[in-house]
Amino acid sequence: MASGNNETEPLYCGSGMDNFHTSYKNMHGYVSLVVCILGTIANTLNIIVLTRREMRSPTNAILTGLAVADLAVMLEYIPYTIHDYILTDSLPREEKLSYSWACFIKFHSIFAQVLHTISIWLTVTLAVWRYIAVGYPQKNRVWCGMRTTIITITTAYVVCVLVVSPSLYLITAITEYVDQLDMNGKVINSIPMTQYVIDYRNELLSARAAALNATPTSAPLNETVWLNVSSLATTTTTPAPPTTSPVVRNVTVYRLYHSDLALHNASLQNATFLIYSVVIKLIPCIALTILSVRLILALLEAKRRRKKLTSKPATPAASNGTKSAANGKAADRPRKNSKTLEKEKQTDRTTRMLLAVLLLFLITEFPQGIMGLLNAVLGDVFYLQCYLRLSDLMDILALINSSINFILYCSMSKQFRTTFTLLFRPKFLDKWLPVAQDEMAAARAERSAVAPVLEKGRQQPQVVMASTTTNITQVTNL
């Protein structure tokens, strides 16, 4: 990995990082495969449930777009982890690094990042929609209608593809090498065969020799680029010494490498890291943090106002116990308190869910954004010493984040649980769980009764206070 001048390199990550990377890499393939399979099932169920007619709403449309992006990430990551982690020791080198696999790796580097970016910005959109529903309920149907939501989801998909894809495509290229192997299959030397890589290495060697001749104790020119070349190609810069094992066979392999444009334009690489860290990671993290905090505060404020409205002192006419009893007001009071208590519980569940979504998002995205920014600031030495060794861990965190949404939906949304149960509950359970069946039938009847009212409400203006209560209930129930 080193360029031959380790004494001049700054040390950002010590041997502990190497030990962690080695120990976790052995299990990453199996862990990520299990997560991807479970995530594929979970996101498929999400799409099936959220696209039901009775589940149609702007919020659920965003959740469906999020589930589609996460599902695509899971499906694409399965062949990658099987080939590069699980089967890597059993495949011949020429098959492990074939041209077709190099093409897939280039596709993987772009596709996964684009889809993950889409899911990030849809999460931010979901937070905006929730905040508007609670903070500005009278504007919710105008600003966050179904048509606006569909346009926003489509825009997120299109813009993320246009912003992320070109930069990742331009900085990488597929290059050809000849690997010299010993009798045990170990690589003795790797010789580049692509002309622009050969020319660039000759330029580096010339610049390096000139610098050493001029000032023997100085660091070589363009050291970070030299490190990148020597590491990403996993090859030595000089022929193997005579004491090494004899070469048994040569195999042609293909690697995803820096493009000619990227090698001669360090600013392009830095710009790519900045787009990755700032636009894709840090800005969404900061935006989601602010929106989630404001949303939680708005929910708590709505809860406080509702509690204040429902706990008004009794009127003088109602203070007489006999009259209250005669008019039936005393009997109504416990029922109001019960409804208020249920709404408060729903608000608390939504608040906890928002905190869980925020925590998961920050755990997976903030570290990647910060490390991407450090790559642009500190150069490839940090990239090789730290970022590459943590890439597997960051991948698995992102996959878990994309898989766990199903659990969050089930825990926070009664409507989601009911619809899921109606769709996938085995019929033979009806014999042993008649109560649950009765509850489902009641829920089905309730949706049938409420649907015409909701449809009529979409066509007529609503009173601000009624809209406030309705939207708060919609947000807490999601």
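All of these numbers come straight from a predicted model, not from anything done at the bench.

How each quantity is defined
- Residues numbered from 1 in each chain as written.
- Predicted model: local features only at pLDDT ≥ 70, side-chain atom pairs only at ≥ 80, totals over all residues.
- Heavy atoms only, no water.
- Helix = DSSP H or I, 4+ residues; strand = E, 2+ residues; numbered from the N terminus.
- Buried < 20%, exposed > 50% of the residue type's maximum accessible area, 1.4 Å probe, protein only.
- Contact = heavy atoms within 4.5 Å.
- Pairing = 2+ DSSP bridges.
- Salt bridge = Lys/Arg side-chain N within 4 Å of Asp/Glu carboxyl O.
- Core = buried A, V, L, I, M, F, W, Y, C linked by side-chain atoms within 4.5 Å.
- Expected span 1.5 Å × (residues − 1).
- Phe/Tyr/Trp six-rings, centres within 6.5 Å; stacked < 30°, edge-to-face > 60°.
- Axes fitted to C-alpha atoms, helices over the stretch in contact; angles between N-to-C directions.
- pLDDT = per-residue confidence, 0-100.
- Patch = residues over 30% accessible without salt bridge, like charges linked within 9 Å, V, L, I, M, F, W, Y side chains within 5 Å.
- Areas by Shrake-Rupley, 256 points an atom, 1.4 Å probe, with all protein chains shown as cover.

Attention now goes to the overall build of the protein chain. A tally of regular secondary structure across the protein chain gives 18 helices and three strands. For the protein chain, with 478 residues in total, the buried portion stands at 44%. Within the protein chain, counting contacts between residues at least 6 apart in sequence, those at least 24 apart form 80% of the total.

When a strand is regular, its side chains alternate between the sheet's two faces. Burial of strand β1 (residues 172-181) is extensive: eight of the 10 residues sit out of reach of the surface. Relative to strand β3 (residues 249-258), β1 runs antiparallel, the two sharing 10 bridges. Among the inter-strand pairings, A173 is bridged to a residue of β3, identified as Y257. Counted between consecutive antiparallel strands, the loop separating β1 from strand β2 (residues 187-192) contains five residues, among which G185 sits at a positive phi close to 85 degrees.

Once that is clear, we can look at the pattern of salt bridges. Overall, the coordinates contain four salt bridges when judged by the stated rule. In this structure, E94 and R249 form a salt bridge, with 3.6 Å as the shortest nitrogen-oxygen distance. Linking E94 in helix α3 (residues 93-96) with R249 in strand β3, this pair joins segments that are 155 residues apart in sequence. Judged by its relative accessible area of 33%, E94 falls in the partly exposed class. The exposure class assigned to R249 is partly exposed, which follows from its relative accessible area of 37%. A single salt-bridge network, built from bridges that share partners, covers R93, D179 and R255.

Judged by nonpolar contacts, the single largest core of 53 residues is most densely connected at Y80, L115, I118, L122, L399 and F416. Every element with two or more residues in this core is listed here: α1 (15-50), α2 (58-86), α4 (99-135), α6 (146-170), α10 (266-310), α14 (380-403) and α15 (405-412). The element that contributes the greatest number of residues to this core is α4, accounting for 14 residues. Each residue touching L122, except ones within four places of it in the same chain, is listed here: I62, G65, L66, I153, A156 and Y157. Formed by 13 residues, the second largest nonpolar core is a distinct cluster that contains Y276, F382, Y383 and L384.

What follows is about α6. The end-to-end C-alpha distance of α6 is 37 Å, a good match for the 36 Å that 25 residues give at a rise of 1.5 Å each. The complete set of buried residues in α6 reads M146, T149, I153, A156, C160, V164, S165, S167 and L168.

Applying the stated criterion across every chain, the model contains 14 aromatic pairs. On the basis of an interplanar angle of 25 degrees and a centroid distance of 4.9 Å, the ring pair of F107 and F111 is categorised as stacked. Of this pair, F107 and F111 both sit in helix α4, four residues apart, roughly one helical turn. The exposure class of F111 is partly exposed, given its relative accessible area of 23%. For the pair F420 and F424, a centre-to-centre distance of 5.0 Å together with 45 degrees between the ring planes defines the contact as tilted.

With that settled, the discussion passes to the environment of L126. Relative to the assigned elements, L126 resides in helix α4. Put simply, L126 and L291 are 165 residues apart on the chain and 9.8 Å apart in space, counted from C-alpha to C-alpha. Once you skip the residues sitting within four places of it in the chain, L126 turns out to touch T59, I62 and L63.

The strand order across the open sheet formed by three strands is β2-β1-β3, and the pairing between neighbours is antiparallel. Each edge of the open sheet carries a strand with a single partner, namely β2 and β3. Adjacent strand axes in the sheet meet at a mean angle of 35 degrees when their direction is disregarded. Inspection of the sheet shows β1 paired to β2 by five bridges, in the antiparallel sense. Its bridge partner lying in β2, Y177 is registered against P192.

On to the confidence of the model for the protein chain. Here the protein chain shows a mean pLDDT of 75. Residues at 70 or above account for 70%. Least confident of the elements in the protein chain is helix α8 (residues 223-232), whose mean pLDDT is 36; most confident is α2, at 93. Throughout residues 445-478 the model reports pLDDT below 50, and contacts reaching past four residues in sequence, or to other chains, amount to 41 contacts.

Another point: a nonpolar patch on the surface. Together, V158, V159, V161, L162, V163, V279 and I283 line one region of the surface with nonpolar side chains, adding up to about 530 Å² of accessible area. The set of elements that each furnish at least two residues to the nonpolar patch consists of α6 and α10.

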